[in-house]
Amino acid sequence: QVRLVESGGGLVQPGGSLRLSCAVSGRIFVINAMAWYRQAPGKERELVAKITSGGYMDYADPVKGRFTISRDNAKSTVSLQMNSLKPEVTTDYYCNVQTFSGSFWGQGTQVTVSS
């Protein structure tokens, strides 16, 4: 059984920072891509940032320059450093990993940017 556990969400003021982390456990031998998605109520889940096993990173245009994704292969973790946060990024964030066995999701963590 594969399990993804996110942490680090919460309430932050506009302009502030948060760091999301996701720990992966279970029977996974090789993790290919690791990513963060977000989903606002009534909208489709959208990619925020992605990092491949080779370290290639890709970001959604609205977060480029402000968010940084990183991974620790030894610990099977992926993190998302979010800086200069704006109220419009308030929503639930989900961790995702792509493996040869399939795609797996975390339960989500809420990020709220508000004064």
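Above: the structure in question.
Residues numbered from 1 in each chain as written. Predicted model: local features only at pLDDT ≥ 70, side-chain atom pairs only at ≥ 80, totals over all residues. Heavy atoms only, no water.

J.: Whenever I open this one, the environment of leucine 80 confuses me. Can you help?
T.: Of note, leucine 80 is situated in strand β8 (residues 77-82). The exposure class of leucine 80 is buried, given its relative accessible area of 0%. Setting aside its immediate chain neighbours within four residues, leucine 80 contacts Leu18, Arg19, Leu20, Trp36, Val48, Ala49, Phe67, Thr68 and Ile69. (Helix = DSSP H or I, 4+ residues; strand = E, 2+ residues; numbered from the N terminus. Buried < 20%, exposed > 50% of the residue type's maximum accessible area, 1.4 Å probe, protein only. Contact = heavy atoms within 4.5 Å.)

J.: What should I look at first to understand the sheet that holds strand β7 (residues 67-72) in this one?
T.: Two modes of strand pairing occur in sheets, parallel and antiparallel, and in both the strands are linked by backbone hydrogen bonds. Judged by pairing direction, the sheet is antiparallel, and its 4 strands sit side by side in the order β1-β3-β8-β7 without closing on themselves. At either margin of the open sheet sits one strand with a lone partner, and together these are β1 (3-7) and β7. Each strand axis lies, on average, 15° off the axis of its neighbour in the sheet, ignoring direction. Note: β1 against strand β3 (residues 18-25), 5 bridges, orientation antiparallel. (Pairing = 2+ DSSP bridges. Axes fitted to C-alpha atoms, helices over the stretch in contact; angles between N-to-C directions.)

J.: What should I look at first to understand the pattern of salt bridges in this one?
T.: Between side chains of opposite charge, a pair can form as their charged atoms come close. One pass over the structure, following the stated rule, counts 2 salt bridges. Across the pair arginine 38 and glutamate 46 runs a salt bridge whose closest N-O atoms are separated by 2.9 Å. The exposure class of glutamate 46 is partly exposed, given its relative accessible area of 39%. (Salt bridge = Lys/Arg side-chain N within 4 Å of Asp/Glu carboxyl O.)

J.: Is there a simple way to explain the state of the cysteines in this structure?
T.: By definition, a disulfide links the sulfur atoms of two cysteine residues through a covalent bond. If you walk through the whole model with that rule in mind, you get 1 disulfide. Put simply, cysteine 22 and cysteine 95 are joined by a disulfide, and their sulfur atoms are 2.2 Å apart. Handedness here is read from the sign of the S-S torsion; for cysteine 22 and cysteine 95, about -85°, the answer is left-handed. Taken together, the positions of cysteine 22 in strand β3 and cysteine 95 in strand β9 (residues 91-99) put the pair 73 residues apart, joining distant regions of the chain. Both residues of the pair, cysteine 22 and cysteine 95, count as buried. (Disulfide = S-S within 2.5 Å.)

J.: I would appreciate a short explanation of the pairing of strand β10 (residues 102-105) in the present structure.
T.: The two faces of the sheet receive side chains in turn, since in a regular strand these alternate between them. Taken together, the 4 bridges between β9 and β10 define a ladder with antiparallel strand orientation. Directly across from asparagine 96, in β10, lies its bridge partner tryptophan 105. Hairpin geometry of β9 and β10 is characterised by an intervening segment of 2 residues between the two adjacent antiparallel strands.

J.: Looking at this structure, how should I read the pairing of strand β5 (residues 46-51)?
T.: Sheet topology places strand β4 (residues 31-39) next to β5; 5 bridges connect them, and they run antiparallel. Paired with methionine 34 across the bridge in β5 is isoleucine 51. Connecting β4 to the antiparallel partner β5 that follows it, the hairpin turn spans 6 residues, and glycine 42 within it adopts a positive phi of roughly 80°. Note: β5 against strand β6 (residues 57-59), 3 bridges, orientation antiparallel. The residue of β6 that forms the bridge with alanine 49 is tyrosine 59. Connecting β5 to the antiparallel partner β6 that follows it, the hairpin turn spans 5 residues, and glycine 55 within it adopts a positive phi of roughly 95°.

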